[in-house]
Number of protein chains: 2
Amino acid sequence: MTGTDTPAGARAAYRSGLIAPTSGHASGCTQANLVILPRDWAWDMLLFGQRNPQPVPLLDVTEPGSPRTELAREADLRTDLPLYRVWRDGELVEEVPDVTDLWRDDLVSFLIGCSFSFERALLDAGVPVRNIEQGRNVAMFRTNRDCRPAGRLSGELVVSMRPVPAALVATAVQVTGRMPQVHGAPVHIGGPASLGIAGLAKPDFGEPIEFEDGDVPVFWACGVTPQAALMASRPPFAITHAPGHMFVTDVPDAVYRQP
Amino acid sequence: MTGTDTPAGARAAYRSGLIAPTSGHASGCTQANLVILPRDWAWDMLLFGQRNPQPVPLLDVTEPGSPRTELAREADLRTDLPLYRVWRDGELVEEVPDVTDLWRDDLVSFLIGCSFSFERALLDAGVPVRNIEQGRNVAMFRTNRDCRPAGRLSGELVVSMRPVPAALVATAVQVTGRMPQVHGAPVHIGGPASLGIAGLAKPDFGEPIEFEDGDVPVFWACGVTPQAALMASRPPFAITHAPGHMFVTDVPDAVYRQP
């Protein structure tokens, strides 16, 4: 039992200065993507999530100015992630471990489901997860599929790709299809060219993943999609988590698995 | 084949002046609750739906001022429902068959899932639907459970109640649990007193439904919940459908059934 084995312990460690990827911390608890926007842009993001629930599954949305979320009532969203990214006019300007100094009364936080939850469910069902086996960040790709725009927010769908043995692709569909709040069933199986992906060896984000004989590429909607929309749509100010440095919630992963 | 057998035919009939409950029209196509609010209040309603997905499952939200929806691309939301209700400061002021004269550039329309879709699924699974058998509107009750508030919008959960034979209650849970976008699984089974319901013979909305021997009361989150929140929270202006006079979409009910 180390300090990061429980969600409250992990958040306390990050609050005290630990900067580390959250994968493997507080095992069994849901981790979430974070997007923070001024109230003036929050309508656009809330509607973008409503219209694009696969890439942007909203788990909670806060009151303007409040750093509190239902997903972890004791947490403070300004301090309790290990690392944040600060964006101005769609450009990444800095990475910081605390955003208290940047906080404003009009900021609204969006907590968004993350594929960490379904990777555990895949493993439980006997589906190998190659990026975990290979100790790499998952491979992510821009696609030729546009999200449905919302107000000033628009952008293309970003997908994560995992190689899955052909005999287990149907299992992977069924397992993740029961978890719509953490991206749900794959959006595309095989045929990367028709998604506009030229080659699987050069992902746009993350790292390339090796295929084993008989593996098929399976594509899921990815939580990087809202960050890509921010980069394309250029709101004057935004804060997000840094990749892999997620918000650790108190909610068991099992809550997001449908029977 | 009459004029109301297809969704486009039904909408054209209402547009031409037919005022009638939509139950049984365009069989197999999803019908939706409608709430229209000024942009200034739309954030509150969008967040209210995000936070209360069982009573307020949002199927589509329009651009401000636009009477168009993805659920039926040729439809006009100002004319294509048989009957509308107009609300000012939380009070019902009139029922009209057309709201073109009341339209404003800042109005946002919310299309919300409706239990008509899951009643068909229950019948398909062999679960009797007593309100249909008895030719009555379903019984609806206010409860002692508050919705999670959102901005200025708050109110209690409203439920619909259907008597279900004890041996088929589990089937009813499983069938409707696979349809989260049309209210999903029941919120309460048996024990009306602990929901704050004094007696099942006197519903707050709709009509009382007769029980047969061995029936158990089963309670689902109800699409009247957002109307109750409007009445409690008193936005200066709102338009809704009139009860039972729903928006007929082009979307097959099967789209909202999960495998």
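Within every chain, residues take consecutive numbers counted from 1 along the sequence as written. Here the convention is simple: chains get letters from A, ligands get numbers from 1, in the order in which they are written. Restriction of local features to residues with pLDDT of at least 70 applies here, the model being predicted, together with a cutoff of 80 or more for giving and counting side-chain atom pairs; totals for whole chains, interfaces and linings are based on all residues. Computation of side-chain values covers all heavy atoms of the structure but excludes hydrogens and water.

So what exactly am I meant to see when it comes to unusual backbone geometry here?
If a residue is not glycine, its phi is most likely negative; likewise, a peptide bond is most likely trans. Phi is positive for A26 of chain B, close to 45 degrees, though the residue is something other than glycine. The secondary structure listing takes helices from DSSP runs of H or I that are at least 4 residues long and strands from runs of E that are at least 2 residues long, numbered from the N terminus. Among the structural elements, A26 of chain B can be located in the loop between helix 1 (7-15) and strand 1 (29-38).

I'm lost on the confidence of the model for chain A in this one. Help?
Atom-level detail of predicted coordinates should not be read off regions where pLDDT is low. pLDDT is a per-residue confidence score from the predictor, ranging from 0 to 100. Averaged over all residues, the pLDDT of chain A equals 93, while 99% of them reach at least 70. When mean pLDDT is taken per element in chain A, strand 5 (residues 107-112) of chain A scores highest with 97 and helix 3 (residues 116-124) of chain A scores lowest with 90.

Is there a simple way to think about the relation of the copies chain A and chain B in this case?
In this structure, two copies of a chain are linked by a rotation about an axis accompanied by a shift along it. Least squares is used to superpose the copies, and the fit set is the C-alpha atoms of residues whose pLDDT is at least 70 in both copies. Screw-axis analysis of chain A against chain B gives a translation of 0.0 Å along the axis, an RMSD of 0.0 Å, and a rotation angle of 180 degrees. Such a turn and shift between the copies fits a two-fold axis. In terms of proximity to the rotation axis, the leading residue of chain A is W43 of chain A, whose C-alpha is 3.1 Å off the axis. Most of the interface of chain A is mirrored in chain B, where 100% of its interface residues are also at the interface. Residues count as neighbours in contact if any of their non-hydrogen atoms are within 4.5 Å of one another.

Please explain the environment of D106 of chain A as it appears in this structure.
All names here are of chain A. Here D106 is to be found in the loop between strand 4 (91-96) and strand 5. Each C-alpha atom of the pair D106 and E63 lies 8.9 Å from the other, and the pair is 43 residues apart in sequence. Among the polar contacts listed, one links the side chain of D106 to the side chain of R104, at a separation of 3.1 Å. In protein, a polar contact requires one atom able to donate a hydrogen and another able to accept it; more generally it is a pair of N or O atoms within 3.5 Å, and residues adjacent in sequence count only if both atoms are side-chain atoms.

What is the right way to look at the interface of chain A and chain B in this model?
Accessible area lost upon the coming together of the parts is a frequently used measure of interface size. Every contact between the two is made by 21 residues of chain A and, on the other side, 21 residues of chain B. Here chain A and chain B share an interface that buries about 1,700 Å² over both sides, 50% of which is from carbon and sulfur atoms. Broken down residue by residue, the surface that chain A buries against chain B is led by W43, L46 and Q50 of chain A, which jointly contribute 37%. Salt bridges are defined as contacts in which a side-chain nitrogen from Lys or Arg sits within 4 Å of a carboxyl oxygen from Asp or Glu. Viewed at the interface, chain B and chain A are joined by 6 salt bridges. Linking chain A with chain B are 8 residue pairs in polar contact (both at pLDDT 80 or more). Counting only elements with at least two residues in the side of chain A that touches chain B, the list comes to helix 2 (39-51), strand 2 (58-61) and strand 5 of chain A. By residue number, the principal contributor to the side of chain A that touches chain B is helix 2 of chain A, which donates 7 residues. Ten residue types, Ala, Val, Leu, Ile, Met, Phe, Trp, Tyr, Cys and Pro, are classed as nonpolar, four, Asp, Glu, Lys and Arg, as charged, and the remainder, Gly among them, as polar. For the side of chain A that touches chain B, the per-class residue count stands at 11 nonpolar, 4 polar and 6 charged. By buried area we mean how much accessible surface two parts lose on assembly, using a 1.4 Å probe and totalling the loss over both.

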